[in-house]
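Below, each chain spelled out in residue letters.
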Amino acid sequence: MKAVQIKNYGASEVLTFIENLPVPAISDNQVLVNNYATGLNPHDIYLRKGMLAPILEESLPIIPGLDIAGKIVMVGKDVKKFKAGDMVYGMMDANESFSSSGFAKTGAYAEYSVTREDTLSFIPNGISATEAASIPLVALTAYQALTKKAEAKADQKIAINGASGGVGSMAIQIAHYLKLEVTAVCHTDTNEFVSKLHPKNIINYDQDDFTAGSDKYDIIFDVAGNKSYDLCKDNLTETGLYISNVPTENTFKAYHNPEKENIFGFHNKNRYNWVLPSGEDLEEISKLLISRHIKPVVTKVFDFHAVQEAHSYMEQNIARGKVVLDLKPES
Ligand SMILES: NC(=O)c1ccc[n+]([C@@H]2O[C@H](COP(=O)([O-])OP(=O)(O)OC[C@H]3O[C@@H](n4cnc5c(N)ncnc54)[C@H](OP(=O)(O)O)[C@@H]3O)[C@@H](O)[C@H]2O)c1
């Protein structure tokens, strides 16, 4: 099969297009998906650069990518929900069982990917594979942050820092579905894009610092990860929560030692959000796509062979919403 591998860590040039890799085998609880598209995420870039190497459970070469959308071509004997021919999407995890480290195993930059049944959902009618591939990781991140970490309730005020990116653009839409009052924080250059998602307020961080004033929020979702809890805490209501999306060294310590949460500053008001692959949560997201509460925000599509160009584009920080790699089978 065709796939892109990382054989050495480094710049986008290390992404190597290969024509003849063996199609991966599946276990009883897994399915084989013929990918039509994959959504790109900062995770892919961190992986390529070797930033995740110290915590990764596998060695090079690695096929990157976590977002898949395509047609099931084979199912394991324990798979109940899906059959060959179904069009599915998901944040894949090639591990046979959920990893205790919380890390999903990659492999989406490929003609065929293996993933567990419990990571997938059917692509809703009217959503293309390209659009579907843009959804899973970012929508799961936003959905799990707002509904599970924050347990958001109607009429609460939320500030979303990093509002124009993949997670931020989903977080705005899911927050609206949850009836939250949204303040979106973005650069002046992305203001126009963000305004089309209709947040109540927009703060351009290159002109104003949302933590400098006296505005209070019930939830501060620091998607960009450049505002610490300490910087945000005076802008939280008495019961307010700060949720970070970007790990620090302390995050990893606290994540693996939940009983030490308070020691590392991860007390009730300061929470870290780690996205988990979940077909069940994706089902809920599918319902929001069907009801049009959320819409895909694909702003750029690259051909499979242009994967290096796609990574370079992502690294320029000029992308809005989502960038997708088109893997459609050649006819
Ligand atoms: N923990 C997890 O499980 C998890 C899950 C998903 C993502 N993440 C992480 O979350 C981060 C965001 O992911 P993403 O997919 O949304 O990335 P993305 O699509 O690249 O978006 C990142 C956004 O950050 C904004 N940004 C850059 N500098 C900023 C600043 N100084 N202040 C405020 N915003 C700023 C950019 O918007 P402007 O152009 O407006 O500056 C950009 O749109 C990444 O680091 C990613 O790895 C973590």
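Here goes a summary of the coordinates provided.

## A word on the site of the ligand
For step 1, the next point in the chain: Contacts to the ligand come from 25 residues, most closely from Tyr46, Ser164, Thr190, Tyr205 and Val275.
For step 2, the next point in the chain: Gly165 places a polar main-chain atom, nitrogen or oxygen, 3.0 Å from an oxygen atom of the ligand.
For step 3, the next point in the chain: In the environment of the ligand, an oxygen atom lies 2.9 Å from a nitrogen or oxygen atom belonging to the backbone of His187.
For step 4, the next point in the chain: When contributions to the shell around the ligand are tallied by element, the ones reaching two or more residues are α1 (42–49), α3 (136–149) and α4 (166–177).
For step 5, the next point in the chain: Of the residues in the shell around the ligand, the class split is 13 nonpolar, 12 polar and no charged.
For step 6, the next point in the chain: In this structure, the shell around the ligand is formed jointly by two domains, domain 1 (3–135 + 296–326) and domain 2 (138–272), each of which donates at least three residues.

## Some remarks on helix α9 (residues 307–315)
For step 1, the next point in the chain: Within the sequence span of α9, burial applies to Val307, Ala310, His311, Tyr313 and Met314. The buried residues of α9 occupy one face: seen down the axis, they fall within an arc of 160°.
For step 2, the next point in the chain: Among the structural elements, β1 (3–6), β2 (15–18), α1, β14 (298–303) and β15 (322–326) are those in contact with the buried residues of α9.
For step 3, the next point in the chain: Asn317 sits one or two residues past α9 and shows a positive phi near 55°.

Cut-off values and rules
- Residues numbered from 1 in each chain as written.
- Predicted model: local features only at pLDDT ≥ 70, side-chain atom pairs only at ≥ 80, totals over all residues.
- Heavy atoms only, no water.
- Near = heavy atom within 4 Å.
- Polar contact = N/O pair within 3.5 Å; in protein donor to acceptor, adjacent residues only side chain to side chain.
- Helix = DSSP H or I, 4+ residues; strand = E, 2+ residues; numbered from the N terminus.
- Nonpolar A, V, L, I, M, F, W, Y, C, P; charged D, E, K, R; others polar.
- Domains from an automatic or database assignment.
- Buried < 20%, exposed > 50% of the residue type's maximum accessible area, 1.4 Å probe, protein only.
- Arc of directions from axis to C-beta.
- Contact = heavy atoms within 4.5 Å.

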